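As a plain string of letters, each chain reads:
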Amino acid sequence: MKISMKRALQLTSIVVLFFLFSCGETEIISLSSESIEMSEEYPMEGSNTVTGVWKVDLGSIEINEIKSAKVTAVTVEMLEPSGSDVMTGIIMQLAASGASMQRVGVLNPVPGNSKSVEMSIADEQENLVDLLKQDEITFVADVNLKSEPSNGFSIKTTIEFELEVTQ
Amino acid sequence: MKKLFIFLLTIAALYISEPIQAQDAKDGDALIGVWEPSHGKARIKIDKIADKYYGRIVWLKEPKDPQTGEPKLDKNNPDESMHSAPLRGYRMLKDFEYQGDGVWVEGTIYDPENGNTYSSEITLKDENTLDIRGYIGMKTFGRSDVWKRLKLK
């Protein structure tokens, strides 16, 4: 009985040591996209989609070093019209030709009379590392409009990521 | 002489493959438009983003929740943070890639009535009719529906 306990302890120690060595050290790094302009020349009352392309720039981070990624903030700045009153709801997604679409934020209802709004962030986020591996990510905003804006509809979106990076 | 032959062959291959690719993209775009499922409770607009096809709900027969009187929300989504998302404008078809011969594959379809997401394949029966199949795991064990194009071509 004593021998088996000793063996069990040895095995546990080996597993723990292996786990610690294999994990390596990680660091949390924040990454912010550029502000991407998304516009629709002829928006309609009701459901509309506006898109914009972000040419992915990870700065000095190597994609292979990214262990996990999540979106921590989505900020939408109103350009045309200048106030958020025109929107009733907005959903933000990320898409790319080499990865699955990921929904990252929602705001419904939209606070009125604001120049810029912060979206609620999706709890379930998958495939973000796959998305960041792409050269380009398309920001896709599905927007419900109260009425038809006379001079088009235009917003600027900035997305902040939190990356877990191996050192 | 041999080098010239290879060069000419390469040029010919490029000339042939480019129009085929362009034609494929054009054929794939046959899916773009507004479609109505057989139950007639919603209309879905399919568009193309980053070379793939996506569909969102643009019209609901009953847009308001009878219990609250407010616009319907995605309250059955397994991700609770998304329960406030409006159903109108919701992307229920995602990531379809054109395979050729009127078939789009590798996509998913979301059923807002139960919050489930299924693997999915779309087949264009004719230019105004499509067959959409949702399944889990194997295609054999699934369910199909026929959707009609709203504005007939």
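Residues numbered from 1 in each chain as written. Chains lettered and ligands numbered in written order. Predicted model: local features only at pLDDT ≥ 70, side-chain atom pairs only at ≥ 80, totals over all residues. Heavy atoms only, no water.

Participant: Got a minute to help me understand the side chain of Thr158 of chain A in this structure?
Facilitator: Residue and element names in this part refer to chain A. By the element assignment, Thr158 lies in strand S10 (residues 153-166). Among the polar contacts made by the side chain of Thr158, one reaches the side chain of Ser35 at a distance of 2.8 Å. Not counting chain neighbours up to four residues away, the residues in contact with Thr158 comprise Ser32, Ser33, Glu34, Ser35, Ala73, Val74 and Thr75. (Helix = DSSP H or I, 4+ residues; strand = E, 2+ residues; numbered from the N terminus. Polar contact = N/O pair within 3.5 Å; in protein donor to acceptor, adjacent residues only side chain to side chain. Contact = heavy atoms within 4.5 Å.)

Participant: Looking at this structure, I do not really get the sheet that holds strand S6 (residues 116-126) of chain B. What am I missing?
Facilitator: The strands making up a sheet associate through hydrogen bonds between their backbones, and the pairing can be parallel or antiparallel. Residue and element names in this part refer to chain B. Overall, antiparallel pairing links the 8 strands, which are arranged S1-S2-S3-S4-S5-S6-S7-S8 in a closed barrel. Across the sheet, the axes of successive neighbouring strands diverge by a mean angle of 35 degrees, strand direction being ignored. One ladder, built from 3 bridges, connects strand S1 (residues 33-36) with strand S2 (residues 42-49); its direction is antiparallel. For Trp35, the partnering residue across the bridge sits in S2 and is Ile44. (Pairing = 2+ DSSP bridges. Axes fitted to C-alpha atoms, helices over the stretch in contact; angles between N-to-C directions.)

Participant: How do you make sense of the pattern of salt bridges when you look at a structure like this?
Facilitator: Any two side chains of opposite charge can pair, so long as their charged atoms come close to each other. All names here are of chain A. Under the counting rule described, the total for this entry stands at 11 salt bridges over all chains. In this structure, Lys55 and Glu136 form a salt bridge, with 2.6 Å as the shortest nitrogen-oxygen distance. One end of the pair, Lys55, is in strand S3 (residues 46-55); the other, Glu136, is in strand S9 (residues 136-145), and 81 residues separate them in sequence. Among the salt bridges present, the one from Lys70 reaches Glu162, with a minimum N-O distance of 3.8 Å. Of this pair, Lys70 sits in strand S4 (residues 66-80) while Glu162 sits in strand S10, and the two are 92 residues apart along the sequence. (Salt bridge = Lys/Arg side-chain N within 4 Å of Asp/Glu carboxyl O.)

Participant: So what exactly am I meant to see when it comes to the interface of chain B and chain A here?
Facilitator: In many analyses, interface size is given as the accessible surface area lost on bringing the parts together. Facing the 25 residues of chain B at the interface are 24 residues of chain A. Carbon and sulfur atoms supply 51% of the area buried between chain B and chain A, which totals about 2,000 Å² over both sides. A per-residue breakdown of the area chain B buries against chain A is headed by Met82, Arg88 and Arg91 of chain B, which together make up 23% of the total. For the pair chain B and chain A, the number of links is 1 salt bridge. One salt bridge in this structure joins Arg91 of chain B and Asp142 of chain A, with 2.7 Å as the shortest N-O distance. (Buried area = accessible area lost by both parts, 1.4 Å probe.)

Participant: Would you explain empty space enclosed by the protein in this entry?
Facilitator: Unfilled space is identified by rolling a water-sized probe across the atoms. For the coordinates displayed, the defined rule picks out 1 cavity of 30 Å³ or more. Taken as a whole, the largest cavity holds about 30 Å³ of empty space. Lining the largest cavity are Gly89, Ile90, Ile91, Asp142, Val143 and Asn144 of chain A together with Pro86, Arg88, Gly89 and Tyr90 of chain B. If you list the elements that add at least two residues to the lining of the largest cavity, you get strand S5 (87-96) and S9 of chain A. A class-by-class count of the residues in the lining of the largest cavity yields 5 nonpolar, 3 polar and 2 charged. (1 Å grid on protein atoms, 1.4 Å probe; cavity = no way out; pocket = protein on both sides within 12 Å on 5 of 7 lines; lining within 4 Å. Points joined across faces, edges and corners; volume = space filled by probe spheres on them. Nonpolar A, V, L, I, M, F, W, Y, C, P; charged D, E, K, R; others polar.)

Participant: Sorry, what's going on with a negative patch on the surface here?
Facilitator: A contiguous patch of negative charge, built from Asp123, Glu124 and Glu126 of chain A together with Glu80 of chain B, is present on the exposed surface. Of note, Glu126 of chain A is situated in the loop between strand S8 (120-121) and helix H2 (128-132). (Patch = residues over 30% accessible without salt bridge, like charges linked within 9 Å, V, L, I, M, F, W, Y side chains within 5 Å. Areas by Shrake-Rupley, 256 points an atom, 1.4 Å probe, with all protein chains shown as cover. Lys, Arg positive; Asp, Glu negative; His and termini not counted. Charge placed at Lys NZ, Arg CZ, Asp CG, Glu CD.)

Participant: Before we go on, may I ask you to explain the pairing of S2 of chain B in this structure?
Facilitator: Along any regular strand, the residues point their side chains to alternate faces of the sheet. All names here are of chain B. Between S1 and the antiparallel strand that follows it, S2, lie 5 residues; Gly40 among them carries a positive phi value of about 70 degrees. Relative to strand S3 (residues 52-60), S2 is paired through 8 bridges, and the arrangement is antiparallel. Following the sheet pairing, Asp47 is matched in S3 by Tyr54. Between S2 and the antiparallel strand that follows it, S3, lie 2 residues; Ala50 among them carries a positive phi value of about 50 degrees.

Participant: What should I look at first to understand the pairing of S3 of chain A in this one?
Facilitator: Residue and element names in this part refer to chain A. For S3, the tally of buried residues reaches 7 of 10 residues, placing the bulk of the element in the interior. The sheet contact formed by S3 and S9 spans 10 bridges and is antiparallel. Within the sheet, the bridge partner assigned to Thr51 lies in S9 and is Val140. (Buried < 20%, exposed > 50% of the residue type's maximum accessible area, 1.4 Å probe, protein only.)

Participant: Please clarify how the layout of surface pockets should be interpreted in this entry.
Facilitator: Here the largest pocket is characterised by a volume of approximately 930 Å³. As for the largest pocket, its lining consists of 39 residues, of which His39, Met92, Asp111, Pro112 and Glu113 of chain B are closest to the centre. Only S2, S3, strand S5 (103-111), strand S7 (129-135) and strand S8 (142-149) of chain B provide two or more residues apiece to the lining of the largest pocket. In terms of residue count, the dominant contributor to the lining of the largest pocket is S8 of chain B (5 residues). In terms of residue class, the lining of the largest pocket is built from 19 nonpolar, 7 polar and 13 charged. Taken as a whole, the second largest pocket encloses approximately 730 Å³ of empty space. Going through the elements one at a time, S3 of chain A together with S2 and S3 of chain B are the ones with two or more residues in the lining of the second largest pocket. Looking at the lining of the second largest pocket, its residues break down into 12 nonpolar, 8 polar and 10 charged.

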